[in-house]
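Close look at the chain arrangement
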Amino acid sequence: MRVSIIGTGYVGLVSGACFAEIGHTCICVDVDPRKVDRINRGEAPIHEVALDEMLRRLVPERLTATTDLTRAVLDSEITFIAVGTPFDGKHIDLRYIREAARQIGAALREKRGYHVVVVKSTVVPGTTDEVVRTALEETSGKKAGVDFGLGMNPEFLTEGVAVSDFMQPDRIVLGGIDARSIAVQRGIYAPFTTTPIIETTCKTAEMIKYVSNSVLATLISFSNEMANACSAMGGVDAADVMKGVHLARYFTTTMPSGERVTAPITSFLWAGCGYGGSCLPKDTKALSAHAGAHGQDMPLLDAVIRTNDEQPARMMAILRKHFPQLRGVRVALLGLAFKEDTDDIRESPALPIARMLVEAGAIVTAFDPIANSVAASVLPASVRLANNLGDAVSDVDAVLLVTRWDEFRQVPELLQAAGKEPLLIDGRRFLARTAVPRYDGIGL
Ligand code: NAD
């Protein structure tokens, strides 16, 4: 099928590349001409494993990019909206969704024949049926369910493994205002013959996405609260506790061979310095605000959010235990991306930690294998960005590990080779307690 996708961020571009990979012809649209140019040169404007290689292969035969949204809609049969949906402090900010829908509607006014518009962005329940439908109908002069179809297909990919998540999805959720809108989406996903497909209303599809993210955020904050309790009690390590918890049969499966395999969900049941990224922080806040607007408080979700907001300061508390006076203390901050294998720094716990360190007078050197350049403009000016890991940890009093980059496994070796024994505070419980002479961490 001929597919257009509005927004070429982590979701839009990965979706476009993967749709092209499974045989569709994709036109990716963005308002940012620099992104469009890079994509048309076969380069990914974001860091995502396998994406560059796919673009080199797929551009321009199966995938192209443009700033011309109207042309893209006219030249396709289905349009996915994958623009950002930030949280503005009180509500989900739907301005990009509304604008994209209005532009698509204006294009549909000129279009003959049936077209389906599908919201892929994460939007609060009711957005597709109300906000998007209204914008499309007003600007097209046409009627949803008669002249064009409307659907909601939430995306569950995880940055860093986005391509493999998209190509091997756990489930595909297809919301639609009618059977035809869903049937066209089913056609798009036809090659995924073994994946469970849920066909439902747009509103339910929207809520499935929020509940999925909220349960993950809840497990993380739950684990962090338990870890903080372990630290407060003393003499008990949250990492050991969690390993014991993971072995319950609810979290561990015994394979026919007898091998016991821990379920992936256990990665969310682990002590850390908090979740970040463009999804969990804003989606939990948007859901709580949206439910509140409908008269339903969400005290549990609010506590999840609060625990997470406070978690980066735990790193500072641990550091102050060892260095009550932080002025002049030289600190290496390892990891700026919110998670490993991505350059996305949105809501990364590293950012408030960097700010708190600078405010306390510490001398901060930061390093991320991929996100250094993206972070440069948002970090406090006094933070020095190291060129490599060795440079970052070469002459410091403390190392704060914030992201689980595989490269950081080399830290103990680097310190040993340099004959240095700085304190290492493990914000992800990533390294063994015995890996360095002076180790501390969340949940210890
Ligand atoms: P992003 O900020 O990386 O990308 C959004 C893109 O849309 C930007 O390139 C922007 O220039 C473009 N854009 C905005 N308005 C436009 C318009 N009118 N026309 C054309 N382009 C326009 O966002 P993202 O991380 O890809 O997220 C997109 C949506 O998907 C959000 O709702 C997010 O919550 C959801 N989501 C994100 C992830 C993730 O891991 N990033 C996973 C699942 C769902």
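Treat the numbers as computed from the prediction; the structure is a model and nothing was measured.

In terms of nonpolar packing, the biggest core is built from 55 residues, with Leu319, Leu333, Leu334, Leu357, Leu400 and Phe408 touching the most fellow members. Among the elements that line this core, the one with the most residues is helix H13 (residues 350-359), at five residues. Those residues in contact with leucine 319 that lie beyond four places of it in its chain are Leu326, Val331, Leu357, Ala398, Leu400, Leu423 and Ile425. One finds Ala72, Ile97, Leu280 and Val304 within the second-largest nonpolar core, a separate group that totals 41 residues.

Around the ligand sit 25 residues in total, of which Asp30, Lys35, Thr85, Glu159 and Lys282 are the nearest. The separation between an oxygen atom of the ligand and a polar main-chain atom of threonine 122 is 2.9 Å. Within the contact set of the ligand, an oxygen atom lies 2.6 Å away from a side-chain nitrogen or oxygen of lysine 282. Starting from 830 Å² of accessible surface for the ligand in isolation, the protein chains cover 90%. Of the residues belonging to the shell around the ligand, the class tally is 10 nonpolar, eight polar and seven charged. Here the shell around the ligand spans two domains, since at least three of its residues come from each of domain 1 (2-200) and domain 2 (221-441).

Bringing the pattern of salt bridges into the picture now. Applying the stated criterion across every chain, the model contains 27 salt bridges. Where lysine 282 meets aspartate 283, a salt bridge forms, and the shortest distance between an N and an O atom there is 2.8 Å. Judged by relative accessible area, aspartate 283 falls into the buried class, the value being 1%. Close ionic contact of arginine 330 with aspartate 397 constitutes a salt bridge, the shortest N to O distance being 2.8 Å. Of this pair, arginine 330 sits in strand E11 (residues 330-334) while aspartate 397 sits in the loop between helix H15 (389-393) and strand E14 (398-401), and the two are 67 residues apart along the sequence. Given the relative accessible area of 28%, arginine 330 is considered partly exposed. By sharing partners, the salt bridges in this structure join Asp237, Asp240, Arg429 and Arg433 into a single network.

Right, let's get into the environment of valine 59. The topology assignment puts valine 59 in the loop between helix H3 (51-58) and strand E3 (63-66). Here valine 59 falls in the buried class, since its relative accessible area comes to 10%. When the C-alpha atoms of valine 59 and cysteine 26 are compared, they prove to be 9.7 Å apart, with 33 residues separating the residues in sequence. Discounting residues that sit within four places of it in the chain, valine 59 has contacts with Ile39, Asn40 and Gly42.

Let us now look at unusual backbone geometry. At the junction of valine 59 and proline 60, the peptide bond is cis and its omega measures out at 5° in the coordinates. Within the secondary structure layout, proline 60 lies in the loop between H3 and E3. For alanine 50, which is not a glycine, the phi torsion comes out positive at approximately 80°. Its place among the elements puts alanine 50 in the loop between helix H2 (33-40) and H3. Even without being a glycine, aspartate 341 presents a positive backbone phi close to 65°. Tracing the backbone shows aspartate 341 in the loop between E11 and H13.

Let's shift gears to the pairing of strand E5 (residues 115-119). Within E5, five of the five residues are buried, which leaves the element mostly enclosed by the surrounding structure. Judged by which residues are buried, E5 turns out to be covered on both faces: His115, Val117 and Val119 on one side and Val116 and Val118 on the other are all buried. The β-α-β motif built from strand E4 (residues 78-81), the intervening helix H5 (residues 95-110) and the parallel element E5 has right-handed crossover chirality. Bridge count for E5 against strand E6 (residues 148-152) is five bridges, and the pairing is parallel. Residue pairing across strands places valine 116 opposite glycine 149, the latter belonging to E6. Considered for its hand, the β-α-β crossover made up of E5, helix H6 (residues 128-140) and E6 is right-handed.

With parallel pairing, the six strands of this open sheet are ordered in space as E13-E12-E11-E14-E15-E16. Across the chains shown, the open sheet's two edge strands, defined by having one partner strand only, are strand E13 (384-385) and strand E16 (439-441). Direction of pairing for strand E15 (residues 423-426) relative to E16: parallel, over a ladder of three bridges. Its bridge partner lying in E16, leucine 424 is registered against tyrosine 439. Docked against the sheet, helix H12 (residues 299-322) engages E11, E14, E15 and E16, running at close to 160° with respect to E15. Along the sheet, H13 makes contact with E11, strand E12 (363-367) and E14, crossing E11 at roughly 175°.

Tracing the backbone through its elements, the reader meets lysine 111 in the loop between H5 and E5. Look at lysine 111: it is buried, it has no salt bridge, and the nearest opposite charge is glutamate 77 at 7.4 Å. Within polar-contact distance, the side chain of lysine 111 engages the side chain of histidine 115 at 2.9 Å. Excluding residues that lie within four positions of it along the chain, lysine 111 makes contacts with Val73, Leu74, Ser76, Glu77 and Lys142.

Conventions used here
Residues numbered from 1 in each chain as written. Predicted model: local features only at pLDDT ≥ 70, side-chain atom pairs only at ≥ 80, totals over all residues. Heavy atoms only, no water. Core = buried A, V, L, I, M, F, W, Y, C linked by side-chain atoms within 4.5 Å. Buried < 20%, exposed > 50% of the residue type's maximum accessible area, 1.4 Å probe, protein only. Helix = DSSP H or I, 4+ residues; strand = E, 2+ residues; numbered from the N terminus. Contact = heavy atoms within 4.5 Å. Near = heavy atom within 4 Å. Polar contact = N/O pair within 3.5 Å; in protein donor to acceptor, adjacent residues only side chain to side chain. Areas by Shrake-Rupley, 256 points an atom, 1.4 Å probe, with all protein chains shown as cover. Nonpolar A, V, L, I, M, F, W, Y, C, P; charged D, E, K, R; others polar. Domains from an automatic or database assignment. Salt bridge = Lys/Arg side-chain N within 4 Å of Asp/Glu carboxyl O. Right-handed = clockwise from strand over helix to strand, strands pointing away. Pairing = 2+ DSSP bridges. Axes fitted to C-alpha atoms, helices over the stretch in contact; angles between N-to-C directions. Lys, Arg positive; Asp, Glu negative; His and termini not counted.

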